[in-house]
Amino acid sequence: MAHDQVLPKRGLFYRALKKYRFKLNDLAARCSKIPNDPVLDANQFIWTSSIAENWRLIRDEAMAIYQHVDAIPPLRRISPDHRRIASDDRWRSFFLVGYGNEIPQNQARAPRTTQLVRTIPGLNSAFFSILAPGAHIVRHRGVSKSFFTAHLGLSIPANRRDCRMEVARQTVSWAKGEWTIFDDTYEHEVWNDTDEPRIILLCQVERPLRAPGSWMARAFDFYIRRSPFVAEARRELGHWETAMREAEGKR
């Protein structure tokens, strides 16, 4: 999830989640089948190697889409709750899957990537995440420990030291064809202090949990996929699909 205010402020479920979020995340931590470290070892997930082996195919599809960068929606435009952490349009996201909802028109532009991410067990979202030169995503944390976040490096600035993420005081940077996996309920912040864009494949994946943590996660997933937040995002993506088709038609 993006940050503390990711859900619309409405409904009994939301208010309960907001009130008891930390207790629920503590429950998920106790029930987790994987470590609760801020940064996770990609090798513990069986699906990471087969996707990383095809990173060049994924990169090529991403770069073809990037040719029409102005038609790729800034995340804050399709998800208004992101406006606090991304105040400008330098963070853009091209969704293939969003909160369990497939985006067929976007998937048609990246068919090989779509095929590959479908092999990820418990995939919740998958999109190309583009951080423009000079972009800064302020310190924030995800709302639910029932997911973890995986980044596959595709097009990374040459000066990796100045394109970085800090997760719970641990600094990481991206590399082409390599996964960076982390728990976004820890505070994290991102900078691209270079003159090149950073392009990754970002996947949000269900954390493997034992009961009763798994029951809580299923309830959360059921709610978020049917929430006004997701419905609004889907409507906004439709407007950007029109912009993409127009941009493609001009070439």
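What you see is a predicted model; the values in this text were computed from it and never measured.

K.L.:
So what's going on with the packing of aromatic side chains? Which residues, and what values?
P.N.:
This structure, assessed with the given rule, holds 5 aromatic pairs. Consider the rings of Phe45 and Phe148, whose centres lie 4.8 Å apart with planes at 25 degrees: the pair is stacked. Here Phe148 lies in strand E6 (residues 147–155) and Phe45 lies in the loop between strand E1 (39–40) and helix H2 (48–52), a separation of 103 residues in the sequence. Phe45 gets classed as buried once you look at its relative accessible area, which sits at 7%. On the accessibility criterion, Phe148 (1% relative accessible area) is buried.

K.L.:
Give me the lowdown on the environment of Gln105, citing residues and values where you can.
P.N.:
Here Gln105 is to be found in helix H5 (residues 104–107). Separated by 10 residues in the primary sequence, Gln105 and Phe95 have C-alpha atoms spaced 9.9 Å apart.

K.L.:
Can you explain the sheet that holds strand E7 (residues 163–167)? Please cite residues and give values.
P.N.:
Think of a sheet as strands paired side by side through backbone hydrogen bonds, with each pair either parallel or antiparallel. Read across the open sheet, the 4 strands follow the order E5-E10-E7-E8; overall the sheet is antiparallel. Both edges of this open sheet fall to strand E5 (136–140) and strand E8 (170–172), since each of them pairs with a single strand only. Across the sheet, the mean angle separating the axes of adjacent strands is 15 degrees when strand polarity is ignored. Where E5 meets strand E10 (residues 188–192), 3 bridges bridge the pair, whose relative direction is antiparallel. Across the sheet, residue Ile137 finds its bridge partner in E10, namely Val190.

K.L.:
Quick rundown of the environment of Ala217? Include the residues and the values.
P.N.:
Locating Ala217 in the fold gives a position in helix H7 (residues 213–225). Owing to a relative accessible area of 14%, Ala217 belongs among the buried residues under this scheme. With 72 residues separating them along the chain, Ala217 and Lys145 place their C-alpha atoms 8.7 Å apart.

K.L.:
Report on the side chain of Ser214, specifying residues and quantitative values.
P.N.:
Of note, Ser214 is situated in helix H7. Classification of Ser214 as buried rests on a relative accessible area of 13%. A distance of 3.4 Å separates a polar side-chain atom of Ser214 from the backbone nitrogen of Ala211.

K.L.:
Provide a residue-level description of the sheet that holds E1, including the pertinent values.
P.N.:
Taken in spatial order, the 7 strands of this open sheet run E1-E9-E6-E11-E4-E2-E3, and their pairing is antiparallel. Looking along the sheet, the strands with just one partner apiece sit at the ends: E1 and strand E3 (101–102). Contacts from helix H3 (residues 55–66) reach strand E2 (91–98), strand E4 (123–131), E6 and strand E11 (198–206), with the element oriented near 80 degrees to E6.

K.L.:
Could you give an account of the confidence of the model for the protein, with specific residues and numbers?
P.N.:
In the predicted model, the protein carries a mean pLDDT of 87, and the fraction of residues at 70 or more is 86%. Here residues 1–10 scores under 50 on pLDDT; set against residues more than four positions off or in separate chains, the count is 48 contacts.

K.L.:
Can you tell me about the pairing of E4, naming the residues and giving the values?
P.N.:
Regular strands place their side chains on alternate faces of the sheet. Within E4, 9 of the 9 residues are buried, which leaves the element mostly enclosed by the surrounding structure. Taken together, the 6 bridges between E2 and E4 define a ladder with antiparallel strand orientation. If you follow Phe94 over to E4, its bridge partner there is Phe128. Pairing of E4 with E11 involves 8 bridges; the strand directions are antiparallel. Within E11, the position partnered with Leu131 by the bridge is Arg198.

K.L.:
Can you tell me about the pairing of E2, naming the residues and giving the values?
P.N.:
The buried fraction of E2 is high, at 8 of 8 residues. Across 2 bridges, the pairing between E2 and E3 is antiparallel. Counted as the bridge partner of Val97 is Glu102 from E3. Connecting the antiparallel pair E2 and E3 is a turn made up of 2 residues, with Tyr99 showing a positive phi of about 50 degrees.

What counts and what doesn't
- Residues numbered from 1 in each chain as written.
- Predicted model: local features only at pLDDT ≥ 70, side-chain atom pairs only at ≥ 80, totals over all residues.
- Heavy atoms only, no water.
- Phe/Tyr/Trp six-rings, centres within 6.5 Å; stacked < 30°, edge-to-face > 60°.
- Helix = DSSP H or I, 4+ residues; strand = E, 2+ residues; numbered from the N terminus.
- Buried < 20%, exposed > 50% of the residue type's maximum accessible area, 1.4 Å probe, protein only.
- Pairing = 2+ DSSP bridges.
- Axes fitted to C-alpha atoms, helices over the stretch in contact; angles between N-to-C directions.
- Polar contact = N/O pair within 3.5 Å; in protein donor to acceptor, adjacent residues only side chain to side chain.
- Contact = heavy atoms within 4.5 Å.
- pLDDT = per-residue confidence, 0-100.

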